[in-house]
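Fold and geometry: a report
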Amino acid sequence: MLDHSYADVNVDALTPLEAAIELERLAKVIAHHDELYFQKDAPEISDAQYDNLVIRNRKIELRFPELRRNDSPTRRIGAPLASGFRKVKHRIPMLSLENAFSNEDVYEFFNRVRRFLNLQETQEITIVAEPKIDGLSASLHYQNGRLRLGATRGDGSEGEDITENVKTILDIPTVLEGNNVPESLEVRGEVYMCRDDFFALNARRQENGEAEFANPRNAAAGSLRQLDPKVTATRPLRFFAYAFEALSGVELGLHSDILAQLKLWGFIVSPEIRLCHSLSQVIDYYDYIGGRRATLPYDIDGVVYKVNNLEWQRRLGSVGRTPRHSIAHKFEAEKAETIVENIDVQVGRTGVLTPVAWLKPINVGGVMVSRATLHNADEIVRRDVRIGDTVIIQRAGDVIPQVVEVIKAKRSSESQSFVFPEACPSCGSLVEHVPGEVARRCSGGLICAEQVVERLKHFVSRDAFDIEGLGIRNIEAFFADGLIKNPVDIFMLEARDKQSLTPLRCREGWGGQSAQNLFNAINKRRTISLNRFIYALGILQVGSVTAKLLAKHYVSFANLKEQMILAEDPTSEAYHDLLSLDGIGQSTAADLIYFFQEPHNLEIIDKLLREIHIEDFHMEITDNTPLSGKTLVFTGTMQAMSRSEAKATAERLGAKVAGSVSKKTDFVIVGADAGSKAKAAAELGIQVLSEAEWLKVAQGELTKGV
Ligand code: IVH
């Protein structure tokens, strides 16, 4: 029996022995109150008193992690999930960061921020510099201070419900501390594993004959996505918080305030974070952290810089999937020495041939690498890479490993130069080399199997149709067996399977359930947004940002197609309209028009339209502002806002911004020294706004209801 109770002793004053006794008491007391509350429906203490017990228990465990008991309330877990994780839509998308690879890139980031916000050269831009933890981001939702939902990032718009698993992570409070807890709160941060814990986990797995994890990041990911939270509870996962959004109640002006507030609620914020007041301080921090990289207990792959002023962050907004207010400054890639065993050529979706080195497999910073890109034929010649050579390869983040150096001193007399093929290795068509261009292309077009497969992979990829369970391997296998030869076949798969003598469920590795899951996943994607569809088509130079721009402008697929066909005539209005889009140049326009001229493309699209429904593009933000649906042209120099900010603001208000004045223009906003565009507007009788008038409309609308 316990002689003493330490219930009234401050956590910071407890000795280890006293802490152990107190943890034992708390485990019992909390279990007792849980039973009264959940089983007997007869609580004896208030919610606040109960929360204080939970908070006290966690605080002691954070101070003495080795004393955390197996029956601790922080290890209390729910039942295993029977059928996978539930999907959850993120209320605010989980974006990713743009990368900077050099000090110049960081300098350019500062300049961009300055230009966008129209800041004076002398105006200081305070930056919060944070280590970029190599883990996985997670989103945590709290209602009235209680953890209600934990979700993975997923594709950024939709993640998986991992609530029971995150509850087992000690760094993540299940009940928030402090007295200014908002009613509804979303906290974001990084789940990671310390290197020592990762080694210990692998040693245990090896003893048990289980597969080892390649690196701490994979171990963290594997541990977090366990269907049985009991398993997660045994894994030493940790969490650094780095952001929150409160629906109401907490008004802060600086990112550094956010970090301070997170700590007060009981989160762990990286102790390495620094406030920097100039570019040189930022770079000093980068060098300093880079030097300490090996001594930090966890892996980091760079530093994140964030504009500290939250009003500026809001104004900066985002482009595509990345915010303008932050950037990740990556550390130099990990390098390793190995041997080139062979070189061959890979055919891309657009026919570009990329030489690839097959390497003697080697571990580079925790990841096994057996292939590296050699970029193009000229690069091989310039570097003089030969089969049999000893080379240095590097791997940075998720990018494809590269050969960076040939160690000539180790070259054997048997090394062989690589001769770039004159025929496509996939279809035998002639390889084209346009003088002045580095790329060599297969001229086989639609008959080239490898191009077709690559296009299919693109069609189902994350930003396109995003069909769960139809990844690269399945596309390759289904193509090889003639099941999927073009995008239409994907949507015919189930119907054909029913008639087939060799249905999917009879294939090796497949069963009735997995086949049905795949058909269901395909059926779920029979309705697709216009921008995803345009991207999926894989038109040259049309990435997801351009696809969205086109979707926004043309609104429906029928209209886009009609306009692209009309635009074939360079004197047409359709052609001018296309070129007036800010972000579409002549070369992209040519690729778009060419795509819609190709009869095979039109045939496939017609067949696809019988299988799927393409949603018209909907403006993300209100369509009830005076600017929604209107086309604006900015001209001349703006005083208060940079051109980029004016454009972003107009788009937020539902307007389209064009680069030149046409009959479709609704308003022209003229700054100082407006030239020919103002004149063109006057001639066409288009309404002209001064900068002051524009600001009044924009600011009036943006602050409405705030
Ligand atoms: S801020 C807009 N801060 O890096 C994205 N991210 O490429 C907001 N990460 O998905 C993220 N440490 O998983 C931020 N201190 C940090 C981070 C961090 C690691 C990861 C995170 C995110 C990825 C962005």
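First, a word on scope: everything that follows refers to the structure included in this document. The model shown is predicted, which means the values in this text are computed figures rather than measured ones. (Residues numbered from 1 in each chain as written. Predicted model: local features only at pLDDT ≥ 70, side-chain atom pairs only at ≥ 80, totals over all residues. Heavy atoms only, no water.)

Observations regarding the overall build of the protein
Broken down by element type, the protein carries 24 helices and 28 strands. Within the protein, the proportion of its 706 residues that are buried is 46%. Partitioning the contacts of the protein with sequence separation of at least 6, the portion at a separation of at least 24 is 68%. Element-wise, carbon and sulfur atoms account for 51% of the exposed surface of the protein, whose accessible area totals about 35300 Å². Across the protein, the 84 positively charged side chains and the 97 negatively charged ones have centroids separated by 1 Å. (Helix = DSSP H or I, 4+ residues; strand = E, 2+ residues; numbered from the N terminus. Buried < 20%, exposed > 50% of the residue type's maximum accessible area, 1.4 Å probe, protein only. Contact = heavy atoms within 4.5 Å. Areas by Shrake-Rupley, 256 points an atom, 1.4 Å probe, with all protein chains shown as cover. Lys, Arg positive; Asp, Glu negative; His and termini not counted. Charge placed at Lys NZ, Arg CZ, Asp CG, Glu CD.)

Describing the site of the ligand
Taken together, 13 residues are adjacent to the ligand, and L97, E130, I133, E190 and K306 come closest. Take P131: an N or O atom from its main chain is 3.4 Å from a nitrogen atom of the ligand. E190 is positioned with one of its side-chain polar atoms (N or O) 2.6 Å from an oxygen atom of the ligand. Breaking the shell around the ligand down by element, the ones donating at least two residues are β3 (127-133) and β10 (300-307). Counting residues per element, the shell around the ligand draws most heavily on β3, at four residues. Tallied by class, the residues present in the shell around the ligand amount to seven nonpolar, two polar and four charged. (Near = heavy atom within 4 Å. Polar contact = N/O pair within 3.5 Å; in protein donor to acceptor, adjacent residues only side chain to side chain. Nonpolar A, V, L, I, M, F, W, Y, C, P; charged D, E, K, R; others polar.)

What to know about the nonpolar core
Within the largest apolar cluster, 57 residues are counted, with the highest numbers of intra-cluster contacts made by I490 and L578. Look past the residues within four positions of I490 in its chain and what remains in contact with it is L456, F459, V460, I467, L470, I484 and I522. I162, A219, V250 and W265 belong to the second-largest nonpolar core, a separate cluster that totals 36 residues. (Core = buried A, V, L, I, M, F, W, Y, C linked by side-chain atoms within 4.5 Å.)

Describing the packing of aromatic side chains
Applying the stated rule across the entire model yields 19 aromatic pairs. With a centroid separation of 5.4 Å and an interplanar angle of 75 degrees, the aromatic rings of F240 and Y298 are classed as edge-to-face. A residue pair is termed long-range when its members are at least 10 positions apart, and F240 in strand β8 (residues 237-246) and Y298 in the loop between α9 (279-292) and β10 qualify at 58 residues. Given the relative accessible area of 6%, F240 is considered buried. (Phe/Tyr/Trp six-rings, centres within 6.5 Å; stacked < 30°, edge-to-face > 60°.)

Points about the sheet that holds strand β27 (residues 667-670)
If you trace the four strands from one edge of the open sheet to the other, you get β26-β25-β27-β28, paired in parallel fashion. Two strands lie at the open edges of the sheet, namely β26 (656-658) and β28 (687-690), each paired on one side alone. The mean inter-strand angle of the sheet, taken between neighbouring strand axes irrespective of direction, is 30 degrees. Direction of pairing for strand β25 (residues 631-635) relative to β26: parallel, over a ladder of three bridges. For L632, the partnering residue across the bridge sits in β26 and is V657. Here helix α23 (residues 676-684) sits on the sheet and contacts β25, β27 and β28; the angle it forms with β25, its principal contact strand, is near 140 degrees. (Pairing = 2+ DSSP bridges. Axes fitted to C-alpha atoms, helices over the stretch in contact; angles between N-to-C directions.)

Notes on empty space enclosed by the protein
Enumeration over the complete set of coordinates arrives at three cavities of 30 Å³ or more. Considered as a void within the structure, the largest cavity measures approximately 60 Å³ in volume. Forming the boundary of the largest cavity are H553, D577, S580, L581, T631, K656, V657, A658, S660, S662, K664 and T665. At three residues, β26 tops the list of elements feeding residues into the lining of the largest cavity. A breakdown of the residues in the lining of the largest cavity according to their chemical character gives three nonpolar, six polar and three charged. Estimates place the volume of the second largest cavity at around 50 Å³. Looking at the second largest cavity, the residues that line it are E130, P131, I133, F240, A241, Y242, S270 and I273. (1 Å grid on protein atoms, 1.4 Å probe; cavity = no way out; pocket = protein on both sides within 12 Å on 5 of 7 lines; lining within 4 Å. Points joined across faces, edges and corners; volume = space filled by probe spheres on them.)

What about the environment of T338?
Summarising the element assignment, T338 is placed in strand β14 (residues 334-347). Taking relative accessible area as the criterion, T338 reaches 7% and is therefore assigned buried. Sequence separation of T338 and Q394 is 56 residues, and the distance between their C-alpha atoms is 11 Å. Not counting residues within four places of it along the chain, the set of residues in contact with T338 comprises L359, K360, I362, D389, T390, V391 and I393. Only 2.7 Å separates the side chain of T338 from the backbone oxygen of K360, close enough to count as a polar contact.

Treat this as a map of the structure, not an account of what it does.
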